[in-house]
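Single-letter residue listing:
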Protein chains: 4
Amino acid sequence: MNNLLVLIQCKDSVGLVTNITRVLAQHQLNIIAMREFVDEVKQQFFTRIECSGIVENHNNLQQELLNNLPTEAGVRLIPEAEKSIALLVTKEFHCLADILVRDNFKTLGAKVKCVIGNHETLRDFAEKFEVPFFYVSHEDKGKADFENEITSLLSNYQLDYIVLAKFMRILSPDFIAQYSNQIINIHHSFLPAFIGANPYKQAFERGVKIIGATAHFVTNNLDEGPIISQQTIHVNHTFDAKQMAVAGREIEKAVLSKALEQILEDRVFVSGNKTIVFE
Amino acid sequence: MNNLLVLIQCKDSVGLVTNITRVLAQHQLNIIAMREFVDEVKQQFFTRIECSGIVENHNNLQQELLNNLPTEAGVRLIPEAEKSIALLVTKEFHCLADILVRDNFKTLGAKVKCVIGNHETLRDFAEKFEVPFFYVSHEDKGKADFENEITSLLSNYQLDYIVLAKFMRILSPDFIAQYSNQIINIHHSFLPAFIGANPYKQAFERGVKIIGATAHFVTNNLDEGPIISQQTIHVNHTFDAKQMAVAGREIEKAVLSKALEQILEDRVFVSGNKTIVFE
Amino acid sequence: MNNLLVLIQCKDSVGLVTNITRVLAQHQLNIIAMREFVDEVKQQFFTRIECSGIVENHNNLQQELLNNLPTEAGVRLIPEAEKSIALLVTKEFHCLADILVRDNFKTLGAKVKCVIGNHETLRDFAEKFEVPFFYVSHEDKGKADFENEITSLLSNYQLDYIVLAKFMRILSPDFIAQYSNQIINIHHSFLPAFIGANPYKQAFERGVKIIGATAHFVTNNLDEGPIISQQTIHVNHTFDAKQMAVAGREIEKAVLSKALEQILEDRVFVSGNKTIVFE
Amino acid sequence: MNNLLVLIQCKDSVGLVTNITRVLAQHQLNIIAMREFVDEVKQQFFTRIECSGIVENHNNLQQELLNNLPTEAGVRLIPEAEKSIALLVTKEFHCLADILVRDNFKTLGAKVKCVIGNHETLRDFAEKFEVPFFYVSHEDKGKADFENEITSLLSNYQLDYIVLAKFMRILSPDFIAQYSNQIINIHHSFLPAFIGANPYKQAFERGVKIIGATAHFVTNNLDEGPIISQQTIHVNHTFDAKQMAVAGREIEKAVLSKALEQILEDRVFVSGNKTIVFE
């Protein structure tokens, strides 16, 4: 008896919950937990249902659900299975370390298949955990070549998500298009404040009393993808830009870890430029 | 076309959601929002469903729901209607003021019918807001007489809840029994730390770095009723007990306000010594 | 035996603390609490010293301190005395109410001398507390006339600070210049995110998971004055712009209240576009 | 030109700051940052002064400071130097990992000299970081023997602090007496709530809406030593005891990390059962 996750996103209409739960009951699936949300502006319905039971034929169940939903509905049936991720890094260790430690002790909810760095800095650390580390320099080559090398490495794995764990290069729309809603970035500011480079320097110069971090899906527009999770901490006049960066690392790793947990448990829907997160 | 709230608490079993939503659909009720929770330890199911539609006969709907639920189910149908509350106070103003200001500007979600104080201190303030203030001294009389005077005053109103807004007398089990799950208290500590008198003094003497406040239902056991909401704030070595009390007031009023919002929107279930809060 | 506050801001140099404390000791002033900060970028020194003792001649003490400090030092001697403030409001009640309630119970640390509104909405509330309310419409007149009417009213009082407690008009540089570092605004976003109009609408459209509020001094550049205090709270996909605004009110009033406490206790230095806050 | 830290704790009296700063100035020490606090209840004065300058003879400076302070003053002169710590662990990895990762990247502010575990569970992890791991079983022997083995291992190092990073054995007063104010523990609750065993189980059973973690010095009385740092997070009815423990790990490691930072920067004074922390 396994668990099955049913994720549905469709146009809102009367009787959706009844229809969906009836189909699940007919398949002898018991609802363990159910969350739903209606976006009244966009007239969109979202639900995440944890079921227990045995489903002989996933295609049949999916088709039957689609038959009982408005047209253009999205239905995903997700069996319990370990997910796979790859990490892209530059020089900073804190997010990488947090993820590899969880992976090492099997509390991440996914397996890290490889780490790709545009510097060699973090190779030793990754290799302590027996995770393959690939160095892809961005120097002396065009962005397309740089990204092709990365794509080529990633293509060796069946990956669910690619995590930019303080990866300090801007990816091209072409690269991003290959992994729609699969790339997660941690940005070192409370977006949309301090978009772009050196957010801690910007924060210091503005004299803010709070700094933040934001985990978001990567889309074509830099730092403008759907936000998954955010956190903030208090700072004061005694913090210079470097001290803000040090303090910020703690929430960067916490917020990325939180976002990954939510994504790896399939709690996150993307809807336009926003997310619905069933915590 | 009005909204109707359906609250159900019963033994967990297979097909509950299907059964419930089918009955609602048969009554032409459209589900706007639905939350459910299964307490797997106690095998209890809880759901809160916001519907829109016209129900001709509430009794029929309630009976039909009961027919489709396990025995001993609790079903409440709550139409949109203003609730009424009474406040019990002593001398401290901050919680009273917060509630009366919201009432004055119609953002409380209830009407304050009266304020009863065991001191005259807050009469002027209540009367600024044209809310009847009754002074019931606890002096020179037994607790039973004191409480009978209060009960007698409260009985003049149709009350949904009684809020102890920094009321500094301990109520007897007899009094509490008359208002089961209807009395809400704000306790000036992060329960269960610092149960009883002078929690800020206790906190100061223990040298804690965080203080808290707790809103809870009042039961026979002092400070041990089901917790609805809690908040904490950081303090440090520069705070003496009085300064902790001053800082604490801000979270006392915030946490009581939050708990009231949740209760007045019927988001809170009591289950044994705990609450389920569908935020 | 009264308390005296000594605030000094000057170029940093060796021996400052020794020189200052020696002068205070020579005047038989005992240091109760002392805070100092050196801005190493700007090479500026800031100190706030609480003393107890009797000072016969403030001018003498001030001159002696200046004699022992670098040129162009700022020295302020502030005896214990109640401060006076005026409030500018539009239609929203929550910040106004929070301040008037504290004033009513003498926990504000200042006296509210008057409330000026560009709508009549809050007259009744202010008058409950016997605080004069003046209605100054912004309609059918130029901004200069509008502001002159306000200035004329304010000039009837000896004011330490002017608080924009959700005042929804933009003040001109001429107006602001009259009250340098004396005007405090509460902005309903986590600055510098969502500068300008409708920040909650902007926040909703961006899909943020945290909203904030910022108390700051008002300077010529809209929403860009020195930040005094900020707070944030979590929101999620179930919040529309209006619900964000409702949730935001709680932190708006909390953060304005915190900023006022710090200002009224003379804990805030302005240094360029930033503040030093000795909490 | 090195930095020197001057920590003084003594009976409060008039002119202390003047006397101290004069002595420092006479030794050509420039004050970079200074914090002071007076405990008015205990009439105790505490100061932490960061100086720059060259001190030829520490003993002379210390003696001169003592000559200018009340009797029984405590004066510590702390030159910049790396500190050494040892970790005691049982089976849980999160605090150990957080500390070893920081140590690995030289951001801990100390060197971890060894890890001692009463289980073998964490050996592999410690050894990844080339930190010696010693297994000392608590089974089949008395507590005195168990602790003597630990003491014997610790005596091989010059240690500043011993960190109980989720060490699940209770240490005897004899052991603790050897390391007065040198043993730091992370307790998995918001002390003084849920003292003793299974705090998350206790928290679950009480139905709290917030859980916490506490870093404190270890004294004879279990969980009653001076508190250094605390943090809390929100939980709700969907958390069982195990999920609370999972969520709690994040703040356990954060709060222990914060406490260690403050201790290793010599920002913490112990005064009776409390701490003064100059953040």
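Residues numbered from 1 in each chain as written. Chains lettered and ligands numbered in written order. Predicted model: local features only at pLDDT ≥ 70, side-chain atom pairs only at ≥ 80, totals over all residues. Heavy atoms only, no water.

If you check an unreviewed UniProt entry, chain A appears there as Formyltetrahydrofolate deformylase from Pedobacter frigiditerrae. Listed in UniProt under the heading Pathway (unreviewed entry), the comment for chain A reads: "Purine metabolism; IMP biosynthesis via de novo pathway; formate from 10-formyl-5,6,7,8-tetrahydrofolate: step 1/1." One UniProt comment on chain A, placed under Catalytic activity (unreviewed entry), says "(6R)-10-formyltetrahydrofolate + H2O = (6S)-5,6,7,8-tetrahydrofolate + formate + H(+)". (UniProt positions renumbered as here; feature names shortened; annotations may be inferred.)

Caption draft 1: Up close: the packing of helix α1 (residues 16-26) of chain C against helix α2 (residues 58-67) of chain C. Residues and elements named next belong to chain C. Two elements in contact, α1 and α2, have axes separated by 9 Å at closest approach and are oriented at 155 degrees. Relative to α2, α1 is oriented roughly antiparallel. Between α1 and α2 lies a crossing whose hand is right-handed. In this structure, α1 uses I20, V23, L24 and Q26 to contact α2, whose residues at the interface are L61, E64 and L65. Per-class residue counts for the contact of α1 with α2 are five nonpolar, one polar and one charged. (Axes fitted to C-alpha atoms, helices over the stretch in contact; angles between N-to-C directions. Helix = DSSP H or I, 4+ residues; strand = E, 2+ residues; numbered from the N terminus. Parallel < 35°, antiparallel > 145°, perpendicular 65-115°, else oblique. Left-handed = near helix turned anticlockwise from the far one by under 90°. Contact = heavy atoms within 4.5 Å. Nonpolar A, V, L, I, M, F, W, Y, C, P; charged D, E, K, R; others polar.)

Caption draft 2: Structural context of the domain arrangement of chain A. All names here are of chain A. Domain assignment breaks chain A into domain 1 (3-79) and domain 2 (83-277). Here the C-alpha centroids of domain 1 and domain 2 sit 32 Å apart. In this complex, domain 1 contributes 12 residues to the contact, which on the side of domain 2 involves 10 residues. Of the roughly 890 Å² buried at the junction of domain 1 and domain 2 (both faces included), carbon and sulfur atoms supply 53%. Of all residues in domain 1, K42, F46 and R48 give up the largest surface area on contact with domain 2, accounting jointly for 47% of the area buried on that side. Counting across the domain 1 and domain 2 interface gives zero salt bridges. Sorting the residues of the side of domain 1 that touches domain 2 by element identifies β1 (3-11), β3 (44-52) and β4 (74-79) as the ones contributing at least two each. Along the lines of polarity and charge, the residues of the side of domain 1 that touches domain 2 split into six nonpolar, two polar and four charged. (Domains from an automatic or database assignment. Buried area = accessible area lost by both parts, 1.4 Å probe. Salt bridge = Lys/Arg side-chain N within 4 Å of Asp/Glu carboxyl O.)

Caption draft 3: Quick look at the pairing of strand β3 (residues 44-52) of chain C. Residue and element names in this part refer to chain C. Across the nine residues that make up β3, a large majority, seven, are buried. Here strand β1 (residues 3-11) runs beside β3; their pairing, made up of nine bridges, is antiparallel. Its bridge partner being in β3, C10 is matched across the sheet by F45. Alignment of strand β2 (residues 30-39) against β3, held across nine bridges, turns out to be antiparallel. Each residue of the ladder has a partner; that of E36, found in β3, is T47. Between β2 and the antiparallel strand that follows it, β3, lie four residues; Q43 among them carries a positive phi value of about 55 degrees. (Buried < 20%, exposed > 50% of the residue type's maximum accessible area, 1.4 Å probe, protein only. Pairing = 2+ DSSP bridges.)

Caption draft 4: Examining the pattern of salt bridges more closely. The final tally for this structure, using the stated rule, is 60 salt bridges over all chains. In this structure, E92(A) engages R249(A) in a salt bridge whose closest nitrogen and oxygen atoms are separated by 3.9 Å. Residue E92(A) is located in the loop between β5 (83-89) and α3 (94-104), and its partner R249(A) is located in helix α8 (residues 241-264); the two are separated by 157 residues in the primary sequence. Between E127(B) and R123(B) there is a salt bridge, and its shortest N-O distance comes to 2.9 Å.

Caption draft 5: Quick look at the UniProt feature "active site" (unreviewed entry) in chain A. The UniProt feature table records "active site" (unreviewed entry) at D223(A). Within the secondary structure layout, D223(A) lies in the loop between β10 (210-217) and β11 (227-234). When residues no more than four places from it in sequence are discounted, the contact partners of D223(A) are N185(A), H187(A), L191(A), I195(A), G196(A), H216(A) and R206(C).

Caption draft 6: Representation of helix α8 (residues 241-264) of chain B. Residue and element names in this part refer to chain B. Under the 1.5 Å per step criterion, the end-to-end length of α8 is 33 Å for 24 residues, consistent within 8% with the ideal 34 Å. Helix geometry: α8 is bent most strongly at G248, by close to 30 degrees. Its side-chain oxygen placed 3.1 Å from the backbone nitrogen of K242, D240 serves as the N-cap of α8. One or two steps after α8, the chain reaches D266, where phi turns positive at roughly 55 degrees. (Expected span 1.5 Å × (residues − 1). Bend = angle between axes of the 7 residues up to and from the residue. Polar contact = N/O pair within 3.5 Å; in protein donor to acceptor, adjacent residues only side chain to side chain.)

Caption draft 7: Representation of the interface of chain B and chain D. Facing the 32 residues of chain B at the interface are 32 residues of chain D. Here chain B packs against chain D, burying approximately 2700 Å² in sum over the two surfaces, 62% of which is carbon and sulfur. On the chain B side of the interface with chain D, the three residues burying the most area are R206(B), K209(B) and H237(B), jointly 26% of the side's total. At the boundary of chain B with chain D, the tally comes to zero salt bridges. At the boundary of chain B and chain D, one finds 14 residue pairs in polar contact (both at pLDDT 80 or more). At the level of secondary structure, the elements contributing two or more residues to the side of chain B that touches chain D comprise α7 (199-206), β11 (227-234) and β13 (274-277) of chain B. Here the side of chain B that touches chain D takes seven residues from β11(B), the largest share from any one element. Here the residues of the side of chain B that touches chain D are counted per class, giving 15 nonpolar, 11 polar and six charged.

Caption draft 8: Examining the relation of the copies chain B and chain D more closely. With an RMSD of 0.0 Å, the operation that places chain B on chain D is a rotation of 180 degrees combined with a shift of 0.0 Å along the axis. Look at the turn and shift together and you get a two-fold axis relating the two. When C-alpha positions in chain B are compared against the rotation axis, the closest is assigned to A193(B), at 2.2 Å. Interface overlap between copies is the fraction of interface residues in one copy that are interface residues in the other; for chain B against chain D it reaches 100%, indicating a shared surface. (Least-squares fit on C-alpha atoms with pLDDT ≥ 70 in both.)

Caption draft 9: Region of interest: empty space enclosed by the protein. Here the structure, examined in full by the defined rule, presents five cavities of 30 Å³ or more. Each pocket or cavity is described by its volume, and for the largest cavity that value is around 100 Å³. Lining of the largest cavity is provided by 16 residues; of these, N30(A), I31(A), G15(B), L16(B) and V17(B) occupy positions nearest its centre. Tallied by class, residues from the lining of the largest cavity come to nine nonpolar, five polar and two charged. (1 Å grid on protein atoms, 1.4 Å probe; cavity = no way out; pocket = protein on both sides within 12 Å on 5 of 7 lines; lining within 4 Å. Points joined across faces, edges and corners; volume = space filled by probe spheres on them.)

Caption draft 10: Here's a closer look at the interface of chain A and chain C. Counting residues at the interface gives 32 residues for chain A and 32 residues for chain C. For the pair chain A and chain C, the two sides together bury roughly 2700 Å², of which 62% comes from carbon and sulfur. Contact with chain C buries surface across chain A, with R206(A), K209(A) and H237(A) losing the most and accounting together for 27% of the total. The interface formed by chain A and chain C includes zero salt bridges. Where chain A packs against chain C, one counts 14 residue pairs in polar contact (both at pLDDT 80 or more). Mapped onto the side of chain A that touches chain C, the elements with two or more residues apiece are α7 (199-206), β11 and β13 (274-277) of chain A.

Caption draft 11: Main features of the UniProt feature "domain: ACT" (unreviewed entry) in chain A. Taking the numbering used here, the UniProt-annotated feature "domain: ACT" (unreviewed entry) corresponds to residues 5-80 of chain A. In residues 5-80 of chain A, helix accounts for 28% and strand for 42%; the two terminal C-alpha atoms are 8 Å from one another.

Caption draft 12: Highlighting the environment of M168(B). Residue and element names in this part refer to chain B. Looking at the secondary structure, you find M168 in the loop between β8 (161-164) and α6 (173-177). Residue class for M168 comes out partly exposed when judged on its relative accessible area of 40%. For the pair M168 and N118, spaced 50 residues apart in sequence, the C-alpha to C-alpha distance is 8.6 Å. In contact with M168, other than residues within four places in its own chain, are T90, E92 and H188.

Caption draft 13: Focus on the packing of aromatic side chains. For the coordinates displayed, the defined rule picks out 40 aromatic pairs over all chains. An angle of 10 degrees between the planes, with centres 6.3 Å apart, marks the rings of F146(A) and F167(A) as stacked. Highlighted residues: F146(A) in helix α5 (residues 143-154) and F167(A) in the loop between β8 (161-164) and α6 (173-177), separated in sequence by 21 residues. Like F146(A), the residue F167(A) is buried in the burial classification. Seen in terms of ring centroids, F105(B) and F93(C) are 3.9 Å apart; in terms of plane orientation they differ by 10 degrees. Their pairing is stacked. Note that F105(B) is positioned in the loop between α3 (94-104) and β6 (110-117) and F93(C) in the loop between β5 (83-89) and α3 (94-104), a pairing that runs across two chains. (Phe/Tyr/Trp six-rings, centres within 6.5 Å; stacked < 30°, edge-to-face > 60°.)

Caption draft 14: Spatial organisation of the layout of surface pockets. Residue and element names in this part refer to chain D. In this structure, the second largest pocket encloses a volume near 630 Å³. What lines the second largest pocket is a set of 33 residues, among which F167, M168, H187, H188 and G196 lie closest to the centre. Elements with a contribution of two residues or more to the lining of the second largest pocket: β9 (183-187), α7 (199-206), β10 (210-217) and α8 (241-264). Broken down by element, the residue count for the lining of the second largest pocket peaks at five residues, all from α8. Broken down by class, the residue content of the lining of the second largest pocket amounts to 15 nonpolar, 10 polar and eight charged.

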